[in-house]
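Structural description and commentary
Listed here are the chains, written in short residue letters.
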Amino acid sequence: MISFEGYDAVIKKVYQSGNEHVFKFWDDLTIDEKKHLLQELSLINFDEINELYALTKKHIIPMEFEPAPFTRLPQTLEEHKEFEYAKQVGIDTIKKGKVAAFVVAGGQGSRLGFDGPKGIFPIGPVSNKTLFQIHAEKIKAYEKKFGIDIPWCIMTSESNHQATVDYFEKHNFFTLNKDKVFIFKQNMIPSLDEQGKLILETPYSIFRNPDGHGGSLTALYTSGTLNKLLTMGIEVLSYFQVDNPLVRIIDPVFIGFHVTHNAEVSSKALQKAYPEEKIGVFVKFSNGRIGVVEYSDLPQEKQYEKDEQGNLRYGAGSIAIHLFNTHFIEKIAQGNISLPFHVAKKSIPQYTNNGKHTITGYKFEKFVFDALPLTEHNFILETKREEEFAPVKNKSGVDSVDTAQELMIHLYKKWLLQKNIPVPKVVEKIEISPLYAVEPDDLPDSIAIPLQKEVYLA
Ligand code: UTP
């Protein structure tokens with residue numbers, strides 16, 4: 001057994017757990033590298049590792065479920081009135097300074113294969129503005145509209161934290177009040193090989209992955225951000241993903257319904273485009289709780305099941321837009337109610353005698369929608385896909401940069417059409433800066449769109 005002053009207990013645990021292979025390169029390490037490795041190992045909870053590995057062997061039988069009820073887009077006069085009322089409540093809540101924005105941006109963006117935080121990926125079809133800049137400008141626009149500062153929480157992870165902070169500093173936080181932009185890191189969790197052992201990423205570090213977007217609730221609490229929000233009187237946190245440039249970050253109608261339903265968590269749903277679409281669906285479990293079942297866990301017969309009208313019975317898809325009550329997050333985090341880990345078999349780089357090799361191993365992640373079954377009160381609102389959902393997941397094909405940009409252009413044209421502002425045929429690409437209009441009502445009554453292939457309204 002190796003030894004190192006001050007770390008004997010850690011070393012013992014490593015050997016006891018059968019992970020002594022992590023000391024394979026020990027004799028070649030410098031003192032600092034040895035310390036680094038031991039420091040990382042001291043943060044690992046070996047009991048948790050065993051539990052995680054046990055998950056890979058477990059066949060989890062999901063609880064019985066039926067489709068979850070949701071509030072559909074308004075069709076009747078009565079429903080229109082309800083939406084109008086919710087909007088007023090929402091505006092009131094926002095103006096009282098009770099709402100903050102929260103983007104999760106800790107993911108590794110492996111499918112996009114972009115070098116750097118996904119938030120600094122240029123997505124504006126004409127402006128080339130990054131995802132972060134578009135989100136920042138939307139928040140700026142809402143601040144102007146509602147006459148109040150809107151705090152913004154940004155969750156990063158170890159590998160992209162510094163680059164994210166540097167980016168915001170370089171751009172002067174896009175003129176937002178930097179004291180109200182909270183950038184904090186999520187937790188990391190070791191990945192395991194197929195035998196349940198730790199994986200060396202370098203001769204002196206362990207391969208770990210961010211603990212999933214579900215880690216955000218704990219990270220808000222442990223980073224001290226939640227406490228700051230509570231001190232500021234924030235009651236509602238508007239949660240979204242960094243890779244959706246169409247997200248309506250501050251939506252008065254949604255917020256209003258959340259408040260009137262006294263919901264701990266609210267969610268937006270849209271109709272699945274086709275049965276195999278890779279999004280989770282909202283369900284009601286047999287214990288009466290609401291939740292989301294991942295597309296991969298939805299039994300095939302349920303995937304294709306239709307209702308009396310011929311629509312998909314499990315058609316209410318989750319697009320990862322939620323509102324969280326800050327006191328609910330506090331209750332969950334303080335009460336140590338941990339969201340469950342999910343297992344994914346993935347390629348992982350492992351350091352060996354011959355350098356780095358890719359092996360198949362297990363990554364463990366928490367999903368934020370697992371908070372839903374923990375709620376007493378929740379609310380699901382239907383929304384229109386083309387108005388709120390343009391995920392940037394892949395380099396090309398489905399849910400890619402191209403599809404997201406097309407959806408952005410399509411939406412901006414729709415806004416102009418709604419205002420009876422004709423878009424000349426010659427215009428191939430049009431983009432509207434959030435600072436010009438964050439929703440169609442902000443557009444002026446008449447604009448002369450220039451006769452150009454690419455137009456940016458700013
Ligand atoms: P995805 O599950 O699409 O993952 O994340 P990803 O990292 O962006 O991309 P792939 O799967 O590696 O290609 C959805 C959202 O959740 C955030 C992401 O940053 C994105 O906004 N996320 C994901 C986190 O913040 N932390 C995580 O650990 C995982």
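Residues numbered from 1 in each chain as written. Predicted model: local features only at pLDDT ≥ 70, side-chain atom pairs only at ≥ 80, totals over all residues. Heavy atoms only, no water.

1. Side note on the pattern of salt bridges
Counting across every chain of the model gives 24 salt bridges. Close ionic contact of Arg208 with Glu158 constitutes a salt bridge, the shortest N to O distance being 2.6 Å. Separated by 50 residues along the polypeptide, Arg208 in strand 9 (residues 208–210) and Glu158 in the loop between strand 3 (152–156) and helix 6 (161–170) bring together distant segments of the chain. Residue classification places Arg208 among the buried residues on the basis of a relative accessible area of 18%. Where Lys268 meets Asp251, a salt bridge forms, and the shortest distance between an N and an O atom there is 2.6 Å. Here the residue Lys268 occupies a position in strand 11 (residues 265–271), and Asp251 occupies one in the loop between strand 10 (236–241) and helix 9 (252–260), the gap between them amounting to 17 residues. Here Lys268 matches Asp251 in class, with each residue buried. Residues joined by salt bridges that share partners form a network here, namely Arg248, Asp251, Lys268, Lys384, Glu386, Glu387, Glu388 and Lys414. (Salt bridge = Lys/Arg side-chain N within 4 Å of Asp/Glu carboxyl O. Helix = DSSP H or I, 4+ residues; strand = E, 2+ residues; numbered from the N terminus. Buried < 20%, exposed > 50% of the residue type's maximum accessible area, 1.4 Å probe, protein only.)

2. Things to note about unusual backbone geometry
Here Phe173, not a glycine, exhibits a phi torsion of approximately 55°, which is positive. Of note, Phe173 is situated in the loop between helix 6 and strand 4 (181–185). A relative accessible area of 5% means that Phe173 is categorised as buried. A positive phi angle, near 55°, is found at Asn262, a position not held by glycine. Checked against the element boundaries, Asn262 lands in the loop between helix 9 and strand 11. Residue classification places Asn262 among the exposed positions, given a relative accessible area of 54%.

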